[in-house]
Amino acid sequence: MWSPLHIVRFKGQTPSIRRHAAALLKGCRDANVSNFSHSAGRSIKTCRALVYANHGDPSKVLQLKNVDLPAIGENDVLIKLLAAPINPSDINMIQGTYAILPDLPSIGGNEGVGTVIETGKKVKSLKVGDWVIPRDAGLGTWRTEAVFAEEDVISVPNDIPLLSAATLGVNPCTAFRMLVDFEDLMPGDSIIQNAANSGVGQAVIQIAASRGINTINVVRDRPEFGQLCERLKAIGATHVIKEEALRRPEIKEVFKSCPKPKLALNGVGGKSIMSIFNYDDHQSFTFYRSMVTYGGMSRQPVTVPVSALIFKDVKVRGFWVTQWKRDHASDGSLFGVMLDELCSLIRQGKLTAPACTQVALQDFHRALDASMQPFISSKQVLLL
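Residue numbering note: each chain is counted from 1, following its sequence as written. In keeping with the predicted nature of the model, local features appear solely for residues at pLDDT of at least 70, side-chain atom pairs appear and are counted solely at 80 or more, and the whole-chain, interface and lining totals rest on all residues. Water and hydrogen atoms play no part in the side-chain values, which are based on all heavy atoms of the structure.

1. Quick word on the overall build of the protein
Okay, so step 1: Across its full length, the protein holds 13 helices and 19 strands.
Okay, so step 2: Buried, partly exposed and exposed residues are distinguished by accessible area as a fraction of the type maximum, computed with a 1.4 Å probe on protein chains only: under 20%, between the cut-offs, and over 50%, respectively. Looking at the 384 residues of the protein, the share that counts as buried comes to 54%.
Okay, so step 3: Contacts between residues were defined by any pair of non-hydrogen atoms, one from each residue, lying within 4.5 Å. For the protein, long-range pairs separated by at least 24 residues make up 75% of all intrachain contacts whose partners lie at least 6 apart in sequence.
Okay, so step 4: With the model as given, the accessible surface of the protein reaches about 16600 Å², and the carbon-plus-sulfur share is 52%. Note on conventions: DSSP H or I runs of at least 4 residues are helices, E runs of at least 2 residues are strands, and numbering of each starts at the N terminus. For every accessible area listed, the method is Shrake-Rupley and the probe measures 1.4 Å; residues are considered covered only by the protein chains on display.

Put into structure tokens, the structure is as follows:
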């Protein structure tokens, strides 16, 4: 179910990322000694981390090791990681099929939340006790502690739920940007999406509902479809339908209660997106203006009917939140403003984390196996 993508190596790595790689290249010790070393000065000198020295099956190449922490520079912060999810991109990166790959050996995980426990003398934007999340992919969050550059993390409120903070930096940001950046959506408008039960899909439902936007949510058929339908409607979904329903005449009934969508969001590809394009053989009404692809769980290409391009001028776009963050890195305020709005929704109870299963770091094999099963209903989160 994981989508292979074109591969490039990390470019323009920050000093902290290069330092992480250098520390790993010095060697890792097996995780059969105590978790931490203590001294009269800095108390933590090693961390436990999920390390891979080769690409491959995550359950085979990941190892829990003790890793030396680099010295804290004057612009660095020492972080105690608290929780980190397992996302499809994490799996793809370990497999060696993701669009960006770190130098090996490397530590898994691109998302998570931690608390600052020490700061360098020139650090200005962070203080001890602050919660932080990564600004970019590649920091390696599946570890107990880390030394990061101040510029590589951004603070988030520590009064929001831990799981919301741990899963904030990827899926909610992806959902937010796709709803904001591609069509001028107004209250009362509609969007349609597949993979509606994914982390992105659930964030889309909730953010859209907070803005008065209807969502038509397409999911694959499954034994517990009724329960899934109720769960998605409970967080704000307007309609939840099976893929095959898009090929049936009764789909027209959906559009009697909400406007036809202006935007389609695709996280699957293959037959799923073709169903959205071919929802009506008679093409009796104009469908969405833009179709944005952010994932490819089917591992099948996105095929666009010529008629959609010629007669409906549908815009076919792609979105990758990592690239958005890098494109806007010079203006960090944009990322901060987005996080502020998302955190406000969290505080109001309008944006919740997806269903999560919390797993201790030492039980990572169980979490990996669960994260790669079909019809995933719960995101695996490592407690660190």
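2. Some details on the pattern of salt bridges
Okay, so step 1: Criterion for a salt bridge: a side-chain nitrogen of Lys or Arg within 4 Å of a carboxyl oxygen of Asp or Glu. Here the structure, examined in full by the defined rule, presents ten salt bridges.
Okay, so step 2: With its nearest N and O atoms 3.2 Å apart, the salt bridge here joins Asp159 to Arg347. Highlighted residues: Asp159 in the loop between strand 11 (153-156) and helix 4 (162-166) and Arg347 in helix 12 (residues 332-347), separated in sequence by 188 residues.
Okay, so step 3: When the shortest N-O distance is used, the salt bridge between Asp189 and Lys262 registers 2.9 Å. Taken together, the positions of Asp189 in the loop between helix 5 (171-181) and strand 12 (190-193) and Lys262 in the loop between helix 8 (251-254) and strand 15 (263-266) put the pair 73 residues apart, joining distant regions of the chain. An identical accessibility class is assigned to Asp189 and Lys262; each is buried.
Okay, so step 4: Connected through shared salt-bridge partners, Glu183, Arg289 and Lys315 make up one network.

3. Some remarks on the side chain of Thr141
Okay, so step 1: Structurally, the position occupied by Thr141 is in the loop between strand 9 (131-134) and strand 10 (145-149).
Okay, so step 2: According to the relative accessible area criterion, Thr141 is buried, its value standing at 1%.
Okay, so step 3: In protein, a polar contact means a hydrogen-donor-capable atom and an acceptor-capable atom, both N or O and within 3.5 Å, with residues adjacent in sequence counting only if both atoms are side-chain atoms; elsewhere, any N or O pair within 3.5 Å suffices. There is a polar contact of 3.5 Å between the side chain of Thr141 and the backbone nitrogen of Asn110.

4. With respect to helix 7 (residues 225-234)
Okay, so step 1: Those residues of helix 7 that sit buried are Phe225, Leu228, Cys229 and Leu232. One side of helix 7 holds all its buried residues, which, seen down the axis, span an arc of 100 degrees. Away from its buried face, by an angle of more than 90 degrees, helix 7 presents the exposed residues Gln227, Glu230 and Ala234.
Okay, so step 2: Packing partners of the buried residues in helix 7 comprise helix 6 (199-210), strand 13 (214-219) and strand 14 (239-242).
Okay, so step 3: Positive backbone phi, approximately 125 degrees, marks Gly236, located one or two places after helix 7. Directions from the helix axis toward the C-beta atoms define the arc.

5. Points about the pairing of strand 14
Okay, so step 1: In terms of strand pairing, strand 13 meets strand 14 through four bridges, oriented parallel. When the bridges of strand 14 are listed, Asn217 appears paired with Val240.
Okay, so step 2: Orient the strands so they point away from the viewer, and a crossover whose first-strand-to-second-strand path over the helix runs clockwise is right-handed. One crossover worth recording links strand 13 to the parallel strand 14 by way of helix 7, and it is right-handed. Any two strands with at least two DSSP bridges between them are considered paired.

6. Observations regarding the packing of helix 5 against helix 6
Okay, so step 1: Where helix 5 contacts helix 6, the axes come no closer than 8 Å and their chain directions differ by 50 degrees. With respect to helix 6, the axis of helix 5 lies oblique. Both helix 5 and helix 6 take part in a crossing whose hand is right-handed. Across the interface between the two elements, Asn171, Pro172, Thr174, Ala175, Phe176, Met178 and Leu179 from helix 5 touch Gly199, Val200, Ala203, Val204, Ile207 and Ala208 from helix 6.
Okay, so step 2: Within the contact of helix 5 with helix 6, the residues separate by chemical class into ten nonpolar, three polar and no charged. Whenever a helix is involved, its axis is fitted only over the stretch in contact; in every case the axis is a line through C-alpha atoms, and angles between N-to-C directions fall within 0 to 180 degrees. Orientation is classified from the angle alone, with under 35 degrees giving roughly parallel, over 145 giving roughly antiparallel, 65 to 115 giving roughly perpendicular, and any other angle giving oblique. Two helices crossing with the near one rotated counterclockwise from the far one by less than a right angle form a left-handed crossing, whereas a clockwise rotation gives a right-handed crossing. Residues are grouped as follows: nonpolar covers Ala, Val, Leu, Ile, Met, Phe, Trp, Tyr, Cys and Pro; charged covers Asp, Glu, Lys and Arg; every other residue, Gly included, is treated as polar.

7. Quick notes on the confidence of the model for the protein
Okay, so step 1: The share of residues in the protein with pLDDT of 70 or more is 82%, and the mean pLDDT across the chain is 84.
Okay, so step 2: What pLDDT expresses is the predictor's confidence in each residue, scored from 0 to 100. Below pLDDT 50 for its whole length, residues 28-41 participates in 28 contacts with residues either more than four positions away or in separate chains.
Okay, so step 3: Per-residue pLDDT stays below 50 along residues 280-286; that stretch engages in twelve contacts with residues further than four places along the chain or on separate chains.

8. Some words on the environment of Ala329
Okay, so step 1: Structurally, the position occupied by Ala329 is in the loop between helix 11 (321-327) and helix 12.
Okay, so step 2: Of the residues examined, Ala329 reaches a relative accessible area of 57% and is grouped as exposed.
Okay, so step 3: Each C-alpha atom, one on Ala329 and one on Asp136, is 9.2 Å from the other, the two residues being 193 residues apart in sequence.

9. Details of the environment of Pro301
Okay, so step 1: Tracing the sequence through the fold places Pro301 in the loop between strand 16 (290-293) and helix 10 (306-310).
Okay, so step 2: Residues Pro301 and Gly269, spaced 32 residues apart in sequence, show a C-alpha to C-alpha distance of 5.8 Å.

10. Topic: the sheet that holds strand 17 (residues 315-318)
Okay, so step 1: Taken in spatial order, the six strands make up an open sheet running 14-13-12-15-16-17, and their pairing is parallel. Either end of the sheet is taken by a strand with one partner, and the two such strands are strand 14 and strand 17. When strand polarity is set aside, the average angle formed by the axes of neighbouring strands in this sheet is 20 degrees.
Okay, so step 2: As defined by bridge partners, strand 16 adjoins strand 17 across four bridges and the pair is classed as parallel. The residue bridging Met291 from the neighbouring strand is Val316, located in strand 17.

11. Thoughts on helix 6
Okay, so step 1: In this scheme, a helix's expected span is set at 1.5 Å multiplied by one less than its residue total. Under the 1.5 Å per step criterion, the end-to-end length of helix 6 is 17 Å for twelve residues, consistent within 8% with the ideal 16 Å.
Okay, so step 2: For helix 6, the complete set of buried residues consists of Gly199, Val200, Gly201, Gln202, Ala203, Val204, Ile205, Gln206, Ile207 and Ala208.
Okay, so step 3: Where helix 6 ends, the next residue or the one after it, Gly212, has phi of about 75 degrees, a positive value.

12. Examining the nonpolar core
Buried together is how nonpolar side chains tend to be arranged in soluble globular proteins.
Okay, so step 1: Ranked by size, the top nonpolar core spans 41 residues in total, and within it Leu168, Ile191, Ile207, Leu339 and Leu342 carry the most contacts.
Okay, so step 2: Secondary-structure elements contributing two or more residues to this core are strand 9, strand 11, helix 4, helix 5, helix 6, strand 15, helix 11 and helix 12.
Okay, so step 3: If you tally residues by element for this core, the top one is helix 12, at seven residues.
Okay, so step 4: Leu168 has contacts with Glu111, Ile133, Val156, Cys173, Leu339, Leu342, Cys343 and Ile346, leaving out every residue within four places of it along the chain. We call a set of buried Ala, Val, Leu, Ile, Met, Phe, Trp, Tyr and Cys residues a nonpolar core when their side-chain atoms join them within 4.5 Å.

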